[in-house]
Amino acid sequence: MPKPKSENFAAPDVSVATTAVVLRALLVQVGDLAVSLKQAFVGVARPSGKMKWASHVPTLSRAIADMIDADPRLFAWLPFDAATLRLFEGEVLLLSEVKSVLDRLAAYVNDVFLTRRHQLYEMTVQATEGVELILKSPMTAADLRPRIEELSQAVRAIVEERNTQIRSARRDNKKRAECAQADIDRLTEENQILRGDQNLRADPKDAPSRPKTAKRARR
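Residues numbered from 1 in each chain as written. Predicted model: local features only at pLDDT ≥ 70, side-chain atom pairs only at ≥ 80, totals over all residues. Heavy atoms only, no water.

Caption draft 1: Focus on the packing of helix 2 (residues 57–70) against helix 3 (residues 82–136). Taken N-terminus to C-terminus, the directions of helix 2 and helix 3 make an angle of 160 degrees; their axes are 8 Å apart at the nearest point. When the axes of helix 2 and helix 3 are compared, the pair comes out roughly antiparallel. Helix 2 and helix 3 meet at a crossing whose hand is left-handed. Note on element contacts: helix 3 touches helix 2 through Ala-82, Leu-85, Arg-86 and Glu-89, opposite Pro-58, Ser-61, Arg-62, Ile-64, Ala-65, Asp-66, Ile-68 and Asp-69. The residue makeup of the contact of helix 2 with helix 3, split by class, is six nonpolar, one polar and five charged. (Axes fitted to C-alpha atoms, helices over the stretch in contact; angles between N-to-C directions. Helix = DSSP H or I, 4+ residues; strand = E, 2+ residues; numbered from the N terminus. Parallel < 35°, antiparallel > 145°, perpendicular 65-115°, else oblique. Left-handed = near helix turned anticlockwise from the far one by under 90°. Contact = heavy atoms within 4.5 Å. Nonpolar A, V, L, I, M, F, W, Y, C, P; charged D, E, K, R; others polar.)

Caption draft 2: Looking closely at the nonpolar core. Formed by Ala-65, Ile-68, Phe-75, Leu-78, Ala-82 and Leu-85, the largest nonpolar core amounts to six residues. Mapped onto this core, the elements with two or more residues apiece are helix 2 and helix 3. (Core = buried A, V, L, I, M, F, W, Y, C linked by side-chain atoms within 4.5 Å. Buried < 20%, exposed > 50% of the residue type's maximum accessible area, 1.4 Å probe, protein only.)

Caption draft 3: Seen up close, the pattern of salt bridges. Counted according to the given criterion, the structure contains 10 salt bridges. Across the pair Asp-66 and Arg-86 runs a salt bridge whose closest N-O atoms are separated by 2.6 Å. With Asp-66 in helix 2 and Arg-86 in helix 3, this pair connects stretches of sequence that are 20 residues apart. By relative accessible area, Arg-86 is classed as partly exposed at 35%. A salt bridge links Asp-71 to Arg-73; the shortest N-O distance between them is 3.5 Å. By relative accessible area, which is 72% here, Arg-73 ends up exposed. If you follow the salt bridges from partner to partner, you end up with Asp-66, Asp-69 and Arg-86 in one network. (Salt bridge = Lys/Arg side-chain N within 4 Å of Asp/Glu carboxyl O.)

Caption draft 4: Focus on a nonpolar patch on the surface. A contiguous nonpolar patch, built from Val-98, Leu-102, Leu-105, Tyr-108, Val-109 and Val-112 and spanning about 520 Å² of accessible area, is present on the exposed surface. Along the polypeptide, Leu-102 turns up in helix 3. When its relative accessible area of 47% is taken as the criterion, Leu-102 is described as partly exposed. (Patch = residues over 30% accessible without salt bridge, like charges linked within 9 Å, V, L, I, M, F, W, Y side chains within 5 Å. Areas by Shrake-Rupley, 256 points an atom, 1.4 Å probe, with all protein chains shown as cover.)

Caption draft 5: Main features of the environment of Val-159. Assignment of secondary structure puts Val-159 in helix 5 (residues 153–202). Taking the C-alpha atoms as reference, Val-159 lies 7.9 Å from Thr-128; in sequence the two are 31 residues apart.

Caption draft 6: Local environment of helix 2. An ideal rise of 1.5 Å per residue puts 20 Å on 14 residues; helix 2 measures up with 20 Å between its terminal C-alpha atoms. Residues Ser-61, Ala-65 and Ile-68 constitute the buried set of helix 2. End-on, the buried residues of helix 2 take up no more than an arc of 65 degrees, which puts them together on one face. Structural note: helix 2 exposes Thr-59 and Ala-70 on the side pointing more than 90 degrees away from its buried face. Along its buried surface, helix 2 packs onto helix 3. (Expected span 1.5 Å × (residues − 1). Arc of directions from axis to C-beta.)

Here's what the structure looks like:
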């Protein structure tokens, strides 16, 4: 029986069961943190329109808070006090740090996700192409072929369904491309006809002749 070509996958440093435990624990922890965060900022709503920011705002907010604290009566017209300014400035700083950590975590999770997804895809390709090669090869023993066909029936059905979807999508895309090209050709032809009519009208030879008026006799 022929041996299909295969790509060697390095064995993971930890067991699959361990990684599954870590991922499930991460989901629970992230979910709990999300709930806590939403509860803490339940009254915060994203403003409509463009949100504004400038790098000097934290320093400016602290200076304004000091100004208000110096004589609160002079700034009683403001809808906030110095404590609120300092609270918001501290929250912005902490949220920035949280966002930085989450961005790095999201980037790492994305890298692991894309890598594992690619490896899983390659393993399924190796298996399905290998089965197809074995079934088509004349070197496969006659007594093994029926058993392999039986065991791979579900696998081959999934592959065939996927291939049918791909062929159907390609036919649909081809039809849409042909219809789009037909529309382009029709519009191009109509524009050429219109430009031809304009050129004809612009030609002085095609302009209607005006009746000649009789010259008056000089006195």
